[in-house]
Amino acid sequence: MPTQSRGDDTCFMTHTRNSFTPYASFSTPHTGFDTMRRILHYSETPTNYTGDLSDRAILGAWFELHRQGGCGAGEVRLHDAFADRETIAVGDWLAFEYGSGNRWYLGRVNSREATSPAVVAFRLEGMTAQLDNVFPGGFGASANGIAPHRFAQTDLFSLDPDHSAETIDSVSGPADVVRVLVQDYVTPNTDILYDADRIDEPANAANVTSLKIRGAESVTSLLQDLATRARGANWGVDETGTFFFEPAPTTPAAIWQEGRDITKLEETLDRRFLFNRMILTGDRIYAADSNGTQSSYRWQAHYVQPQSRSSYGERSIRVSVPWIRTANDSRAFAREFFRLYAEPTPKILLETSSQDTLFRPWTGTVRVENQGGEELMTAVAETVRVLFDHSPRFRFELGPTDPRTFWSKLGHDKREELPRNPVSGFGGSELTLTSESSSTDSGSVVVLDHFTDTQFTLIENHSPDVGGNWQRWNSNWSIGVIDANTVSPDGPNALAAINALTADAVVSVWMKQSNGNSPSNGGLVLRLVNSLNYWKLIVNYASQLLELIEVVAGTPTVRDSTSVSVQGSSMVFLEATLNGNAIVGRATYGASATQASVSDNTASSSGTSHGLWANFLDSSEGDIPHAFDDFQVQEL
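Bear in mind that the values here come from a model prediction, so they are computed numbers and not experimental data.

### Examining the overall build of the protein chain
- Looking only at helices and strands, the protein chain has four helices and 37 strands in total.
- Every one of the 636 residues in the protein chain was classed for burial, and the buried ones make up 54%.
- The contacts of the protein chain with a sequence gap of at least 6 include a subset with a gap of at least 24, amounting to 67%.
- Summed over all atoms, the accessible surface of the protein chain reaches about 26200 Å², with 46% contributed by carbon and sulfur.

Written out as C-alpha cells, the structure is:
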C-alpha cells in the first residue's frame, strides 16, 4: 500500500484509497493551560506540533466554514513584540480547539502583518485552498508530459486531435469523477486526506456523459460543476484535513430563535441572484463530414426557464463551463442551475449569542424562528463565521451565493462558429422544473404513460397520457394485473412499443421484478423497426446481469453487460440514452440507489418506436409477471 510522508520521518502521514488518518486524531501535548479556547501551532506540516499559543495574549481570532469549501479564511491577532514576529512563519499551520481535542478549524498561515510595538496579525486559509492549485490532466506527452483525462460513459469524441493520447475513466455520476480526482490528483499533491465514506451523492444526481480536462481547470472549478449536478452537494475539506463530497443536508441541525439565541437578524430579498435565461458556452467539438472534411465548433446553448421568466421577467446570465460538450451534460447543468436560481430567495444574516457547540454548515440546515417560535426560514447555511473569543459567537449567511463568483462569463461581443451540420441538442431549449424532476431530464416529453386505466384493459386499447397508440406483438399486455396503474405481459417474448417519432431520446421506465420459481427477464425496447429488429435494455434476473442487446432478424446479440444484484419484489429504474450511434443504458435499484450501466457505440438502427419487453414464462408454480410503470420518452 502506498504511503506519503509529510516532513520529518517521525511524523509520517499514511493514507491510501481506502483508509485515512485525520490530522485531528494526532495527540497534542498537554500544556497545563486551563482555558477552553486553544490555538495550536504546527510548523510546515499539519502534524509537526510546536506549541500552544493560548498562553500568549490573543487580541482576536475568527474563522469561516463553508458548506461548499469546508474550512475557509481565518485570522489571529497576537499581542506579540515586533521582534518576535517570526516565531510563526508564513506556511505554518494553526488549529483552533474549544476544549482539548475538540478541533473546530485548521488553517495555514497565508500572510503575516506585524505592527510595532506589539501587534502581529496572521491571515489564514483552510486546506481547501490547496484544491485551487491542482490542475488535472494535461496537453499530452509531447506538450507538458501529462495526458488529457476523459471521464465518460462512452466514447463520443473519437475525432479529438488528442484522442489517442488521453487517459480514460468510466464514470456514471458526479461522485465517480470526484473519487478519481481526489485519489489520482489531490492526495498525491496536497496535504488533503481521502476517506471513501465521505464521498457520496443523491440518487437523483445528474449523470456525467463526457468530461475532458487538459490541465487548464483547477479541481475547485470542477467540483463546483459536479456539486451543481449533484443537487447542490456539500464539498470541501474539514477541520481534520479530510475531503468530503456529500448530498446537501435536508434536516435541521440547529434552531435559532429571535430573542433567545439571536442577537442580530437581517433579511434581504431582491433579484440580484435571480436568473432564468442562460447563455452557455462549453468545450470544442471536432467533427468530419461524409467527404472527410474536418471542422470544429464550440458547444453553445441558450436555456430558458419559462415559468420564472413569465413571473419575474427575463434575467440573463452568461456562463462558460469549458468541459461541457453534450446535450445531456449541458441540460443537466442548466436544469440544476435554474433549480437554485430561477426563484427569488431571501438572504438572511444572523448573529448568535455565545455558543459552546460548533455548527458545521455541511451537517444540516438552519431553522430560524421568530420570538413566538414560528418558522421564518429553514435553509442551508452557505457560510458560518465563528468569532473565536473566550465565548464563541456565530455569524450566519443563509440564502443563495452569487453564481457569478463561480462561473466565469464571456465577453458580450464573443462569438463562436456554428456546426457545419445539425447537431442534436445544440442551441438549447426551455427547461421545466418540478421538485421531483430528474437532473437527467432532457427535452420535450413526447411519450408519457402512467398506465391509469380499468383493470385488464389491453394495452392496444389504452391511451397514454402523452403520445400516440401502443402496438403489441407475440403476447398480450394488460393494465392492473399485478398492481393498479401498471402494465404486465402474459406470455413469452412479449413486445409493446409506441412510435415516438424520434430515434435520439432518453427512454425510461420503472419495473417491478417478477416472482416465482422461474423469474422472467424484462426491460426496455429501443429503436424498434419491427418485431424482429430492435435494441433492448433488460435485467436478466437468472444471471443477475444488466444487458444491452441488439436483435437483428430475430436473433439477439448481447453487446454489453454488467453485474447487478436485484432480489425480491424490488423496483428497478431503467433508463437509456440514445444519441446517434451511442446507446448508454442504466439501472438504478435497491435502498441505496445502486447504479449499473452498459453502453455501445455502434448502434445504427433508425427505428423511432420505443417500449417494453418481457419474457414471461408462466408455469404451474404460479410465477408472477413484471409490472411496468411511468414509461417516458424525451427528445434529445
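### As for the pairing of strand E1 (residues 37-42)
- For E1, the buried fraction is high: six of the six residues fall into the buried class.
- Burial along E1 is two-sided: Arg-37, Ile-39 and His-41 facing one way and Arg-38, Leu-40 and Tyr-42 facing the other are all buried.
- Inspection of the sheet shows E1 paired to strand E5 (residues 93-98) by six bridges, in the antiparallel sense. Paired with Ile-39 across the two strands is Phe-96, which belongs to E5.
- Where E1 lies against strand E2 (residues 49-52), three bridges are found, and the strand directions are antiparallel. Bridged to Tyr-42 within E2 is Tyr-49.
- The hairpin formed by E1 and E2 contains six residues between the paired strands, and Glu-44 there has a positive phi angle of roughly 70°.

### Remarks on the layout of surface pockets
- Its boundaries defined by the atoms lining it, the second largest pocket holds a volume of some 870 Å³.
- Every residue lining the second largest pocket is counted, 36 residues in all, and those nearest its centre are Arg-67, Arg-231, Arg-339, Leu-340 and Val-380.
- Those elements that place two or more of their residues in the lining of the second largest pocket are helix H2 (219-229), helix H4 (327-341) and strand E20 (375-379).

### Describing the sheet that holds strand E30 (residues 533-540)
- Ordered by their spatial adjacency, seven strands build an open sheet running E24-E27-E36-E29-E30-E31-E32, and the pairing between neighbours is antiparallel. Each edge of the open sheet is held by one strand with a lone partner, namely strand E24 (470-473) and strand E32 (555-563). Taking each pair of neighbouring strands and ignoring which way they run, the sheet shows an average axis angle of 20°.
- Note: E30 against strand E31 (residues 545-552), seven bridges, orientation antiparallel. Bridged to Ile-538 within E31 is Glu-547.

### Description of unusual backbone geometry
- Residue Pro-117 is bonded to the preceding Ser-116 through a cis peptide linkage, with omega at 10°.
- Of note, Pro-117 is situated in the loop between strand E6 (103-115) and strand E7 (119-126).
- Backbone geometry at Phe-456 places phi at a positive 75°, although glycine is not the residue there.
- The residue Phe-456 is located in the loop between strand E23 (445-449) and E24 in this model.

### Notes on the packing of aromatic side chains
- Counted by the stated rule, this structure contains 22 aromatic pairs.
- Their ring planes at 75° and their centres at 5.5 Å tell us that Phe-63 and Phe-96 sit as a pair that is edge-to-face. Remark: Phe-96 occurs in strand E5 and Phe-63 occurs in strand E3 (residues 58-66); sequence separation between them is 33 residues.
- Of the residues examined, Phe-63 reaches a relative accessible area of 0% and is grouped as buried.
- Taken together, a centroid distance of 5.2 Å and an interplanar angle of 15° make the contact between Phe-96 and Phe-388 stacked. In this pair, Phe-96 is assigned in strand E5 and Phe-388 in the loop between strand E21 (381-387) and strand E22 (393-398), connecting sequence segments 292 residues apart.
- Counting every residue linked through ring pairs, the aromatic cluster contains Phe-63, Phe-96, Tyr-98, Trp-104, Tyr-105, Trp-256, Phe-359, Phe-388, Phe-394 and Phe-396.
- In this structure, Lys-536 packs its charged tip against the face of Trp-613, placed 3.4 Å from the ring centre.

### Here's the deal with the nonpolar core
- Ranked by size, the top nonpolar core spans 61 residues in total, and within it Phe-243, Phe-245 and Met-278 carry the most contacts.
- Top contributing element to this core by residue count: helix H1 (residues 174-186), with eight residues.
- Discounting chain neighbours no more than four positions away, the residues touching Phe-243 are Leu-131, Val-178, Val-182, Ile-192, Leu-193, Arg-198, Ile-199, Leu-223, Gly-236 and Val-237.
- Judged by nonpolar contacts, the second largest core, of 40 residues, contains Ile-459, Leu-524, Ala-596 and Leu-612.

### Section: the sheet that holds strand E17 (residues 316-320)
- Read from one edge to the other, the open sheet built from three strands follows the order E16-E15-E17, with strand pairing classed as mixed. This sheet does not close on itself; its edge strands, each paired only once, are strand E16 (294-304) and E17. Each adjacent strand pair in this sheet contributes to an overall mean axis angle of 25°, direction not counted.
- Running over the sheet, H4 touches strand E15 (277-288), E16 and E17 and is turned about 25° from E16.

### Notes on the packing of H1 against H2
- Between H1 and H2, the least distance of the axes is 10 Å, while the angle of their chain directions is 160°. By the angle between their directions, the pair H1 and H2 is classed as roughly antiparallel. As H1 runs across H2, the sense of the crossing is left-handed. Contact residues: Pro-174, Val-177, Val-178, Leu-181 and Val-186 in H1; Val-219, Leu-222, Leu-223, Leu-226 and Arg-229 in H2.

### So, the pattern of salt bridges
- Following the criterion strictly, the structure yields 39 salt bridges and no others.
- Between Glu-314 and Arg-309 there is a salt bridge whose closest N-O contact spans 3.3 Å.
- You can call Glu-314 partly exposed: its relative accessible area is 44%.
- In this structure, the salt-bridge partner of Glu-375 is Arg-367, at a minimum N-O distance of 3.4 Å.
- Since its relative accessible area comes to 45%, Glu-375 is described here as partly exposed.
- Several salt bridges converge on common partners, so that one network encompasses Arg-150, Asp-155, Asp-160, Asp-162, Glu-166, Lys-212, Arg-214, Asp-283 and Arg-325.

### Re the confidence of the model for the protein chain
- Put simply, the protein chain has an average pLDDT of 83, and 84% of its residues get 70 or more.
- Within the protein chain, strand E12 (residues 243-246) carries the highest mean pLDDT (97), whereas strand E35 (residues 594-600) carries the lowest (83).
- In this model residues 409-415 is a low-confidence stretch, pLDDT under 50, and it forms seven contacts with partners more than four residues away in sequence or in other chains.
- In this model, residues 434-442 is a region of pLDDT below 50 whose contacts with residues beyond four sequence positions or in other chains number 31 contacts.

### A word on the environment of Val-551
- In this structure, Val-551 sits in strand E31.
- Residue classification places Val-551 among the buried residues on the basis of a relative accessible area of 5%.
- Considered as a pair, Val-551 and Asn-533 are 18 residues apart in the sequence and their alpha carbons are 5.2 Å apart.
- Every residue in contact with Val-551, bar those within four places of it in the chain, is listed here: Leu-532, Asn-533, Tyr-534, Lys-536 and Pro-556.

The rules behind these values
- Note that residues are indexed from 1 along each chain, following the sequence as it is written.
- Restriction of local features to residues with pLDDT of at least 70 applies here, the model being predicted, together with a cutoff of 80 or more for giving and counting side-chain atom pairs; totals for whole chains, interfaces and linings are based on all residues.
- By convention in this description, side-chain values take in all heavy atoms of the structure and omit both hydrogens and water.
- Comment: elements are numbered from the N terminus, with helices defined as DSSP H or I runs of at least four residues and strands as E runs of at least two.
- Burial classification: accessible surface area is computed with a 1.4 Å probe over protein chains only, and a residue below 20% of its type maximum counts as buried, one above 50% as exposed, and the rest as partly exposed.
- Contacts are residue-level and defined by heavy atoms, with any inter-residue pair within 4.5 Å sufficient.
- Accessible areas in this description were obtained via Shrake-Rupley with a 1.4 Å probe; residue shielding takes into account the shown protein chains only.
- At least two bridges found by DSSP between two strands are what make those strands a pair.
- In the cavity and pocket records, a cavity denotes points on a 1 Å grid over the protein atoms alone where a 1.4 Å probe fits but cannot get out, a pocket denotes an open set with protein on both sides within 12 Å along at least 5 of 7 lines, and lining residues are residues with an atom within 4 Å of a point.
- Grid points are joined across faces, edges and corners, and a volume is the space filled by probe spheres set on the points.
- For helices, the fitted line uses only the C-alpha atoms of the stretch in contact; every axis is such a line through C-alpha atoms, and the angle between N-to-C directions lies from 0 to 180 degrees.
- For this analysis, a ring pair means two rings from Phe, Tyr or Trp (six-membered ring only for Trp) whose centres lie within 6.5 Å, classed as stacked if their planes differ by under 30 degrees, edge-to-face if by over 60, and tilted for the remaining angles.
- Think of it as a cone above the ring: NZ of Lys or CZ of Arg counts as a charge over the ring if it is within 6 Å of the ring centre and within 35 degrees of the ring normal.
- Nonpolar core, defined: a set of buried Ala, Val, Leu, Ile, Met, Phe, Trp, Tyr and Cys residues in which side-chain atoms within 4.5 Å join the residues together.
- Angular relationships are summarised with four words: roughly parallel below 35 degrees, roughly antiparallel beyond 145, roughly perpendicular across 65 to 115, and oblique for the angles in between.
- A crossing counts as left-handed when the near helix is turned anticlockwise from the far one by less than a right angle, and as right-handed when that turn is clockwise.
- For this document, the term salt bridge refers to a Lys or Arg side-chain nitrogen within 4 Å of an Asp or Glu carboxyl oxygen.
- Confidence scores per residue from the predictor, reported as pLDDT, run from 0 to 100.

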